[in-house]
Amino acid sequence: MEDTTSTTKTKGPAAHVALLATPGMGHLIPLAELAKRLAARHGATATLFTFASTASPTQRAFLASLPPAVDARALPPVDLSDLPPGTPNEALMSEECARSVPALAAALAELRGRAAAPLVAFVTDLFGVDAFVAARAAGVGRRWLFFPGSLHALTLFLHLPELAASIPGEFRDLDEPLRLPGCVPIPGPDVISPLQDRLSPAYGQMVRLAGLFLDADAILVNSFEAVEPEVAMVLQQPKLGRPSVHPIGPLILPADSGAGDTAPRAACLEWLDRQPAKSVIFVSFGSGGALPAEQMRELALGLELSGQRFLWVVRSPSDEGSLSGNYYDAESKKDPFPYLPEGFVERTRSVGLVVPSWAPQTEVLAHGSTGGFLTHCGWNSTLESLVHGVPMVAWPLYAEQRLNAVMLAQGVGAAVRLPEAKDKEAIAAAVREVMVGEGKGAAVWAKVAELRKAAAEGIRGGGAATTALDKMVENWAGEK
Ligand SMILES: O=c1ccn([C@@H]2O[C@H](COP(=O)(O)OP(=O)(O)O[C@H]3O[C@H](CO)[C@@H](O)[C@H](O)[C@H]3O)[C@@H](O)[C@H]2O)c(=O)[nH]1
């Protein structure tokens, strides 16, 4: 997609922006893209703070690929050893951020004194909102929340304090779907996973973080109007007592960035080069998703049964020592190949490629041979699919992915959602719908083509997303 936003727009004194990315590539990639856009279009320089505790080789390669205007700095490690084993990912992330506030406040104060340009804004994602205190202490004038998910998910967070107080039991036991302003009705079991158990430390943390959203001066959201039009309209209306909301997406890693290069990169793209146009379904579950062994087996057999070509990023099973979606246990991942059904790789060699752990996803989705994406519906994966016009099969795992699947399948119609019982027949049928156009497939193709166009229009110079960000930074120039 042509990116016309990289032309520098702002003239005059430059500005410096500090950003804090919480663990996980799903948080780091879009925040880094925001920093890159502020540099390319608005002449800003940026310091991108990260946490060293969860830095993987992929993250290090990604950070090394950033342009000189974006300086990546790891915060000093904090001790989390007092947290009990099994503490959920969300609780670990927010706790790590809260404990890093003093170090961040000192780093921001130093930046204010040292940076060649005035430090005009501090930006963090949803797990980093404790850090607004640090930005305030350092006298940074603007504190922005960058919400890396959908407007639907944001709406849920904005209503969370009142929902937590008014719903007596668990979300999953609700008789009726949740009806939030502008949103597709959300069945209780599809409300985000850390909120499904009131006794979990993640639940309390999420409710607490949602309250802290109100400390932001503004909320920038990585979404765009065409994909969730009603809720975009609701949230863009000013509302007393909550920060203004600005859809500035889709912000995705460009396919030609070269970031996140790993050994299988060239091999899987070269393999794609040899496949017919739109013939391959890409199968991947985000930066940390993994399936239980039984589901991994059904997926293999389902892909085989579908008769379609596939490229599968496979990870060792989530019930074999590695916790799906947990960024703090990356070292425990094992070789995934022994968990595939016997003879699977050999039988499918002429139509499929299985790569362990990681693939250059945006390049795969941009490739002409890719015709579908079986995804966990992480929001970055969703946006990357839409930007490249790739229809989706939705297999949500955790976090807000079930909510995204509801919105994509029942709402906008850009995906076919797998049923709860994911046996090989159901998987094969959904893959065929999206790849061959059976069932709802053709309607999904048409919707995705429409959204691709809308996404491209939004990020053009003068497009809605570009204009929204331009407005946010228009009075930077000349600030001290
Ligand atoms: O083999 C891989 C796997 C992932 N990626 C990239 O990693 C990112 C993954 O992001 P996403 O699809 O959002 O998934 P998660 O990593 O699971 O992201 C977390 O953060 C997202 C944003 O808040 C949420 O929507 C998700 O539910 C949450 O799990 C994307 O840019 C992918 O292109 C690759 O490049 N190669």
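Residues numbered from 1 in each chain as written. Predicted model: local features only at pLDDT ≥ 70, side-chain atom pairs only at ≥ 80, totals over all residues. Heavy atoms only, no water.

Quick note on the threshold: UniProt positions are given in the numbering used here, feature names are shortened, and annotations may be inferred rather than shown by experiment.
Naming follows an unreviewed UniProt entry, where the protein chain appears as Glycosyltransferase of Panicum virgatum. Under the UniProt heading Sequence similarities (unreviewed entry), the note attached to the protein chain is "Belongs to the UDP-glycosyltransferase family."

### Some thoughts on the domain arrangement of the protein chain
Note the following rule: Start and end points for every domain follow an automatic or database-based domain assignment. Note on contacts: a residue pair qualifies if any of its non-hydrogen atoms lie within 4.5 Å across the two residues. Buried area: the sum, over both parts, of the accessible surface (1.4 Å probe) that disappears when the two are put together. By salt bridge we mean one thing: a side-chain nitrogen of Lys or Arg within 4 Å of a carboxyl oxygen of Asp or Glu. Helix and strand definitions follow DSSP, with helices as H or I runs of at least four residues and strands as E runs of at least two, each counted in order from the N terminus. Side-chain classes are defined by residue name, with Ala, Val, Leu, Ile, Met, Phe, Trp, Tyr, Cys and Pro counting as nonpolar, Asp, Glu, Lys and Arg as charged, and the others, Gly among them, as polar.
Split by domain assignment, the protein chain resolves into domain 1 (16-249 + 459-473) and domain 2 (263-455). Measuring from the centre of the C-alpha atoms in domain 1 to the corresponding centre in domain 2 gives 26 Å. The partner domain 2 presents 25 residues to the 37 residues of domain 1 that form the contact. Of the roughly 2500 Å² buried between domain 1 and domain 2 on both sides combined, carbon and sulfur atoms contribute 66%. Among the residues of domain 1 in contact with domain 2, Asp190, Phe224 and Val227 are the three that bury the most area, contributing 22% of the side total. Here domain 1 and domain 2 share two salt bridges between them. Between arginine 402 and aspartate 190 there is a salt bridge, with the nearest N and O atoms lying 2.8 Å from each other. For the side of domain 1 that touches domain 2, the secondary structure elements donating two or more residues are helix 1 (25-42), helix 3 (89-99) and helix 6 (151-166). Residue composition of the side of domain 1 that touches domain 2, by class: 20 nonpolar, 14 polar and three charged.

### Points about the environment of glycine 249
What counts, and what does not: Only protein chains enter the calculation, and the probe is 1.4 Å; a residue is then buried if its accessible area is under 20% of its type maximum, exposed if over 50%, and partly exposed in between.
With respect to the helices, strands and loops of the structure, glycine 249 is situated in the loop between strand 7 (244-247) and helix 9 (264-273). Note on glycine 249: relative accessible area 1%, which makes it buried. For the pair glycine 249 and leucine 383, spaced 134 residues apart in the sequence, the C-alpha separation amounts to 8.5 Å. Beyond its immediate stretch of four places on either side in the chain, glycine 249 contacts Val221, Asn222, Ser223, Phe224, Ile459 and Ala465.

### Details of the pattern of salt bridges
Tallying each qualifying case throughout the model produces 17 salt bridges. In this structure, aspartate 470 and arginine 41 form a salt bridge, with 2.7 Å as the shortest nitrogen-oxygen distance. Within this pair, whereas aspartate 470 is found in helix 17 (residues 464-473), its partner arginine 41 is found in helix 1, the two being separated by 429 residues in sequence. Exposure class is identical for aspartate 470 and arginine 41. Each is buried. One salt bridge connects arginine 99 with aspartate 82, and the closest N-O pair in it is separated by 2.8 Å. On the criterion of sequence distance, the pair formed by arginine 99 in helix 3 and aspartate 82 in the loop between strand 3 (70-75) and helix 3 is long-range, its members being 17 residues apart. Through salt bridges with shared partners, a single ionic network connects Asp190, Arg402, Arg417 and Glu420.

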